[in-house]
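# Architecture at a glance
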Amino acid sequence: MMDTNVKTMSGSYNRMFIVLLLNVLVVGGFIPMSHVNAAQLRAGVAKVDITDTTAGPVNGRLYVRALLLNAGETTAVIITVDAVAIGEIGHISNNYLGSVRSQIENELQIKPGNVLINASHCHGVVCSDVDRRTFQAVKEASLNMVPVNVGAGIGYEDRIMENRRLKLKNGQEADVRHAYSLVPDEEVAGVGPVDPEIGIFRLDRKDGRTLAVVYNFAIHPIQGVPGGGNTADITGFASQVIEDNLGEGTIALFLQGCAGDINPVWYKDVNHPRDAEPLGNMLGLSTLRALREIDSKRDVRFKVINEVIALPRADNAQRILTLEAEQERLLESLIGTSLNLKTFIPLVVKYNISSEYPSYYSHAYMHDKGRGGDGLEKLDSENRRNMSQYIQNIHIMEQLTRNQTNLALLRKHQAGLIADGKGTIDVELLGLRIGEFVLLTFPGELSVQIGLNIKNMSPHDLTFVAGYTNGYIYYAPTAEQLRNVGRAQEDSDCLLAPEWQKIYEEKMLGLLRKL
Ligand SMILES: [Zn+2]
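### Comments concerning the sheet that holds strand 1 (residues 42–49)
- If you walk across this open sheet you meet the 8 strands as 4-3-2-1-5-10-11-12, and the pairing is mixed. The strands lining the two open edges of the sheet, one partner per strand, are strand 4 (115–119) and strand 12 (251–256). Pairwise comparison of adjacent strand axes, ignoring direction, gives a mean angle of 25 degrees for this sheet.
- In this fold helix 3 (residues 96–108) packs onto strand 3 (74–81) and strand 4, with an angle of close to 145 degrees to the strand it touches most, strand 4.

What follows is the structure, given as structure tokens:
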């Protein structure tokens, strides 16, 4: 240890010389930082394959990536997992977070509250021993710690995503999902916001080679790949592009942001195979472009804060009754017509090709008129009336499927509320500062507006928010979006009462001031 060496010397000149020599050795990476007592930031990274190879064809590998950071007394771990969520839904169990954290605490003496685990929210299938492999990545990272410089900045990408909630002319909102049909175009009045910022921090070895890139962006990585197959989706491709283009051994960790209401573009396209790769490539290239503008330097600011708060749970009993009554009304509004699908479709084609003479050639209409007849005109008006009613029935059917899907989500969470009986839900929040980079987390699917609000209110220039972290409590929409309960996925697949947003944002402001 430095202190011991210094004590054997006498005189301040010798002491200064030793300190100087140690700095040269440490900064040059010749001796590990644990041997000196200073707050130089050190980091180690590793990546382990977590693809479930027994779950059908594999299009791309899924990974857990670990970044271990240490300065002086503080150690933190950032883990990113190519999975849908940390517990509750998908293939990662509710024991995972606790199990990984206790292995890290027991073997590496790192506090559980300093371990951040973010799910990319891709819908790939991970292997059953994902907790063991996660610890393996952290352990490997701990074995290759080196002194690092840090830098942070913002990239820009707005071509690959869109807000999936549609503002309707009747004041309600609808959403763009595969689970049901979209509302008719003429009902749509506007769309919601997106966040084009890519929050980036880089860690460079003292010789300038990049050790790790951590980047944060808000998008649902659910585009899929042609032919299906297991995939880490958009953000998996993005990380691969970054890793392929930086030096040997560089690891890119993606932190999913406030993607609750953010879809990939062209999500409902029925004319091309779904393909996450070009979207991921664009995100990766935009991150690389921004990285060129980010310099790294020695920066010892490093802080972790972990707090648990209780948020109010929603009681949607009344809302469920309202939606059930609406289901009844919709059913009763279906009216029989003479048409079925087989007769309806050819009629639609005919009446669109020739609106004046749909049923036969024009001369027949002319002869009919010459004879003083109106049989063809009567036939046309009857067909038009039937088609219009048939289309109305289809729209009612589409609305019934939307209501039914969201009603099922509401009933599920209402049963959970009754079973739990507590009325509040505990959420773990983590605040992290590394150099200029400030990160806040939330264990659910925050709507993008919440992330934009936090960035706006933050006293720090480079503030970013990662949802999907350290647990999973479903969607966390804004209070305004929660006026729409039962009409869209985010407001129905949700445990929170509208008051949650103010409580959370105030708490976040408090955390930001402490960081
Ligand atoms: Zn989601």
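Moving on, there is more to tell.
### What about the packing of helix 5 (residues 233–245) against helix 6 (residues 276–291)?
- The contact between helix 5 and helix 6 brings their axes to 7 Å, and the two run at 45 degrees. When the axes of helix 5 and helix 6 are compared, the pair comes out oblique. Crossing angle aside, the handedness with which helix 5 passes helix 6 is right-handed. For the pair formed by helix 5 and helix 6, the contact residues are Asp233, Ile234, Thr235, Phe237, Ala238, Val241, Ile242 and Asn245 on the first element and Ala276, Glu277, Leu279, Gly280, Asn281, Leu283, Gly284, Leu285, Thr287 and Leu288 on the second.
- Considering only residue class, the contact of helix 5 with helix 6 consists of 10 nonpolar, 6 polar and 2 charged.

### Side note on the side chain of Asp491
- Inspection of the secondary structure assignment puts Asp491 in helix 12 (residues 489–492).
- Here the side chain of Asp491 touches Gly486 through a polar contact of 3.1 Å, landing on its backbone nitrogen.
- A distance of 3.2 Å separates a polar side-chain atom of Asp491 from the backbone nitrogen of Ala488.
- Look past the residues within four positions of Asp491 in its chain and what remains in contact with it is Arg165, Leu410, Pro477, Gln481, Leu482, Asn484, Val485 and Gly486.

### With respect to the nonpolar core
- Counting 36 residues, the largest nonpolar core has Phe442, Leu446, Leu496, Trp500 and Tyr504 as its most contacted members.
- Put simply, the parts of the chain that give this core at least two residues each are strand 14 (302–312), helix 7 (317–332), helix 10 (375–420), strand 15 (424–434), strand 16 (437–441), helix 11 (448–457), strand 19 (475–476) and helix 13 (500–514).
- Those residues in contact with Leu446, other than ones at most four positions away along the chain, are Cys258, Ala259, Gly260, Val465, Ala476, Trp500 and Tyr504.
- Core analysis: the second largest hydrophobic core is formed by 34 residues, Val81, Ile117, Ala119 and Met145 among them.

### Focus: the pairing of strand 3
- Summarising burial for strand 3: 7 of the 8 residues are buried, a large majority.
- Judged from the 8 bridges that link them, strand 2 (residues 63–71) and strand 3 form a sheet pairing that is antiparallel. Bridging from a neighbouring strand, Ala66 pairs with Ile79 of strand 3.
- Between strand 2 and the antiparallel strand that follows it, strand 3, lie 2 residues; Gly72 among them carries a positive phi value of about 55 degrees.
- Running through helix 3, the crossover from strand 3 to the neighbouring parallel element strand 4 is right-handed.

### Observations concerning the coordination of the zinc ion
- Coordination of the zinc ion by the protein involves His121 (NE2), His220 (NE2), Glu445 (OE), Glu445 (OE) and Tyr475 (OH), with metal-donor separations of 2.0 to 2.7 Å.
- Between consecutive donor residues of the zinc ion, the sequence gaps follow H-x98-H-x224-E-x29-Y. With His121 in the loop between strand 4 and helix 4 (130–143) and His220 in the loop between strand 11 (210–217) and helix 5, this residue pair connects regions lying 99 residues apart in the sequence.
- On the basis of relative accessibility, which here comes to 2%, the residue His121 falls in the buried class.
- His220 sits in the buried class, given a relative accessible area of 1%.

### Describing the state of the cysteines
- On inspection of all chains with the given rule, the structure shows 0 disulfides.
- Free cysteine Cys494: the closest other cysteine sulfur is in Cys258, separated by 14 Å.
- On the basis of relative accessible area, Cys494 is assigned to the buried category, the value being 3%.

### Notes on a nonpolar patch on the surface
- On the surface, a cluster of nonpolar side chains totalling about 410 Å² of accessible area is made up of Leu341, Ile345, Val349 and Ile353.
- Its place among the elements puts Ile345 in helix 8 (residues 341–353).

### A word on the confidence of the model for the chain
- Taken as a whole, the chain shows an average pLDDT of 93; of its residues, 93% reach a score of 70 or greater.
- In the model, residues 1–13 has pLDDT below 50 throughout and makes 10 contacts with residues more than four positions away in sequence or in other chains.
- Here residues 26–37 is modelled with pLDDT under 50, and outside its nearest four sequence neighbours on either side it reaches 22 contacts, counting other chains as well.

### Structural notes on the packing of aromatic side chains
- In the structure shown here, the tally under the stated rule is 10 aromatic pairs.
- Centre to centre, the rings of Phe442 and Tyr504 are 4.9 Å apart; their planes meet at 70 degrees, and the pair counts as edge-to-face. Of the two residues, Phe442 sits in the loop between strand 16 and strand 17 (445–446) while Tyr504 sits in helix 13, which places them 62 residues apart along the sequence.
- Cluster of aromatic residues (ring-pair linked, three or more members): Phe201, Phe437 and Phe464.
- Lying across the ring of Tyr63, Lys47 places its NZ or CZ 4.3 Å from the centre.

### Focus: the environment of Leu331
- Secondary-structure assignment places Leu331 in helix 7.
- A residue is classified by how much of its surface remains accessible, and Leu331, at 46% relative accessible area, is partly exposed.
- A C-alpha to C-alpha distance of 35 Å links Leu331 and Val84, two positions 247 residues apart in sequence.

### Remarks on the packing of helix 3 against helix 4
- At a minimum axis distance of 9 Å, the contact between helix 3 and helix 4 shows a crossing angle of 35 degrees. Taken as a pair, helix 3 and helix 4 cross one another with a handedness that is right-handed. Where helix 3 approaches helix 4, its residues Tyr96, Ser99, Val100, Gln103, Ile104, Glu107 and Leu108 are matched on the opposing element by Val130, Asp131, Thr134, Phe135, Val138, Lys139 and Ser142.
- Across the contact of helix 3 with helix 4, the residue classes break down as 7 nonpolar, 4 polar and 3 charged.

### Section: the side chain of Ser458
- Relative to the elements of secondary structure, Ser458 occurs in the loop between helix 11 and strand 18 (463–466).
- Reaching out from Ser458, the side chain makes a polar contact with the side chain of Thr463 at a distance of 2.5 Å.
- Not counting the four nearest positions on each side in its chain, Ser458 is found in contact with Thr463 and Leu512.

### Describing the pairing of strand 15
- Summarising burial for strand 15: 9 of the 11 residues are buried, a large majority.
- Across 4 bridges, the pairing between strand 15 and strand 16 is antiparallel. Bridging from a neighbouring strand, Gly431 pairs with Leu440 of strand 16.
- Counted along the chain from strand 15 to the antiparallel partner strand 16, the turn is 2 residues long, and its residue Gly435 has a positive phi close to 60 degrees.

Calculation criteria
Residues numbered from 1 in each chain as written. Predicted model: local features only at pLDDT ≥ 70, side-chain atom pairs only at ≥ 80, totals over all residues. Heavy atoms only, no water. Pairing = 2+ DSSP bridges. Helix = DSSP H or I, 4+ residues; strand = E, 2+ residues; numbered from the N terminus. Axes fitted to C-alpha atoms, helices over the stretch in contact; angles between N-to-C directions. Contact = heavy atoms within 4.5 Å. Parallel < 35°, antiparallel > 145°, perpendicular 65-115°, else oblique. Left-handed = near helix turned anticlockwise from the far one by under 90°. Nonpolar A, V, L, I, M, F, W, Y, C, P; charged D, E, K, R; others polar. Polar contact = N/O pair within 3.5 Å; in protein donor to acceptor, adjacent residues only side chain to side chain. Core = buried A, V, L, I, M, F, W, Y, C linked by side-chain atoms within 4.5 Å. Buried < 20%, exposed > 50% of the residue type's maximum accessible area, 1.4 Å probe, protein only. Right-handed = clockwise from strand over helix to strand, strands pointing away. Donors = N, O, S within 2.8 Å, 3.2 Å for Na, K, Ca; no water. Disulfide = S-S within 2.5 Å. Patch = residues over 30% accessible without salt bridge, like charges linked within 9 Å, V, L, I, M, F, W, Y side chains within 5 Å. Areas by Shrake-Rupley, 256 points an atom, 1.4 Å probe, with all protein chains shown as cover. Salt bridge = Lys/Arg side-chain N within 4 Å of Asp/Glu carboxyl O. pLDDT = per-residue confidence, 0-100. Phe/Tyr/Trp six-rings, centres within 6.5 Å; stacked < 30°, edge-to-face > 60°. Lys NZ or Arg CZ within 6 Å of the ring centre and 35° of its normal.

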